[in-house]
Every structure is written in C-alpha cells, then in structure tokens.
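# Observations on the model geometry
What follows is each chain in one-letter form.
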Amino acid sequence: MIDDQDFREFFAAQYGHLRRLGFLLTGDWSQAEELAQESLVRTYWVWPRVRRLEHPGAYTRRVLVNRHRSLLRRALVEARYATRTDERETYLPVLGEEATEL
C-alpha cells in the first residue's frame, strides 16, 4: 500500500525543482509543469519501490528527462513524416465529362 502522506511530502519537496528542470529543457513553463506532473505521477505508480532508494528525487528527475527525450523523438518522427508526405505529388484522377455530371 502507498503511504500517501509520505508521497505528498515528497511531491511538495520535488515539484518546484522538477518544474525548473522542465523549464530548462523546454523553455516553456506550461510544458515544464506537464513534465513535472507526469514524472511525479509515474513515480507515484512505483512509489513503494522508489521510496526505498537513497535518492528518490534523482529517480524522478530521470523520469522527467526520459519523458522529455521521448516527446522530442516523437516530434522528430512526426516532422519527418510531415515533410515526406508534403513532397509527394497528390494523385488527381482524370475524370471525363460524365464525372462532372455526377
């Protein structure tokens, strides 16, 4: 069972640090808040194991950095796909006079 009070104290102590780290990585406070919150949620899921670590804050910071890297990779793949599809010619079928009557 998760000790909610223990995690609340951890959350209060770490949130500001995580938010600043997120800002340093993204340059945007709203994205930084999202990263901080998501890393704390992911830490909460495994809190019984993480709380026994010598530095649980370091684990949460690693989660934040890894999540940011994952989002960057996804954005890169999406950008590559978008440019690849823009370069292709669009297929426009040649329709006869009958098609215009439709």
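A brief report on the enclosed structure follows. (Residues numbered from 1 in each chain as written. Predicted model: local features only at pLDDT ≥ 70, side-chain atom pairs only at ≥ 80, totals over all residues. Heavy atoms only, no water.)

On to the side chain of Thr60, then. The topology assignment puts Thr60 in helix 4 (residues 56-87). Overall, the relative accessible area of 0% leaves Thr60 in the buried class. Not counting residues within four places of it along the chain, the set of residues in contact with Thr60 comprises Phe10, Leu18, Ser39, Leu40 and Thr43. (Helix = DSSP H or I, 4+ residues; strand = E, 2+ residues; numbered from the N terminus. Buried < 20%, exposed > 50% of the residue type's maximum accessible area, 1.4 Å probe, protein only. Contact = heavy atoms within 4.5 Å.)

What follows covers the environment of Trp47. Inspection of the secondary structure puts Trp47 in helix 3 (residues 47-50). Taking the relative accessible area as the measure of exposure, Trp47 reaches 2% and is therefore buried. It is 9.5 Å that separates the C-alpha atoms of Trp47 and Asp6, two residues lying 41 residues apart in sequence.

This brings us to helix 1 (residues 4-26). The sharpest bend along helix 1 comes to roughly 40°, located at Gln14. Listing the buried residues of helix 1 in full gives Phe7, Phe10, Gln14, Leu18 and Gly22. Where helix 1 ends, the next residue or the one after it, Gly27, has phi of about 80°, a positive value. (Bend = angle between axes of the 7 residues up to and from the residue.)

Another aspect to go through is the nonpolar core. When a protein is soluble and globular, its nonpolar side chains tend to lie buried together. Phe7, Phe10, Leu18, Leu35, Ala36, Leu40, Trp47, Val50, Tyr59, Val63 and Leu64 form the largest nonpolar core, which has 11 residues in total. Mapped by element, the contributors of at least two residues to this core are helix 1, helix 2 (29-45), helix 3 and helix 4. Filtering out sequence-adjacent residues up to four positions away, Val50 remains in contact with Thr43, Pro56 and Tyr59. (Core = buried A, V, L, I, M, F, W, Y, C linked by side-chain atoms within 4.5 Å.)

Turning our attention to a nonpolar patch on the surface. Together, Val41, Tyr44 and Trp45 give the surface a local cluster of nonpolar side chains, amounting to about 330 Å² of exposed area. Inspection of the secondary structure puts Trp45 in helix 2. (Patch = residues over 30% accessible without salt bridge, like charges linked within 9 Å, V, L, I, M, F, W, Y side chains within 5 Å. Areas by Shrake-Rupley, 256 points an atom, 1.4 Å probe, with all protein chains shown as cover. Salt bridge = Lys/Arg side-chain N within 4 Å of Asp/Glu carboxyl O.)

The description of an aromatic ring pair rests on the distance of the ring centres and on the angle between the ring planes. In the structure shown here, the tally under the stated rule is six aromatic pairs. Between Phe7 and Trp47, the aromatic rings sit 5.2 Å apart at their centres with planes inclined by 80°, giving edge-to-face as the arrangement. Here the residue Phe7 occupies a position in helix 1, and Trp47 occupies one in helix 3, the gap between them amounting to 40 residues. Residues Phe7 and Trp47 agree in their burial class; the two are buried. Ring centres of Phe10 and Trp47 lie 4.8 Å apart, and the angle between their planes is 40°; this geometry places the pair in the tilted category. Residue Phe10 is found in helix 1, and its partner Trp47 is found in helix 3; the two are separated by 37 residues along the sequence. Among the aromatic side chains, those forming a connected cluster through ring pairs are Phe7, Phe10, Tyr44 and Trp47. (Phe/Tyr/Trp six-rings, centres within 6.5 Å; stacked < 30°, edge-to-face > 60°.)

Spatial relationships are all this shows, so hold off on functional conclusions.
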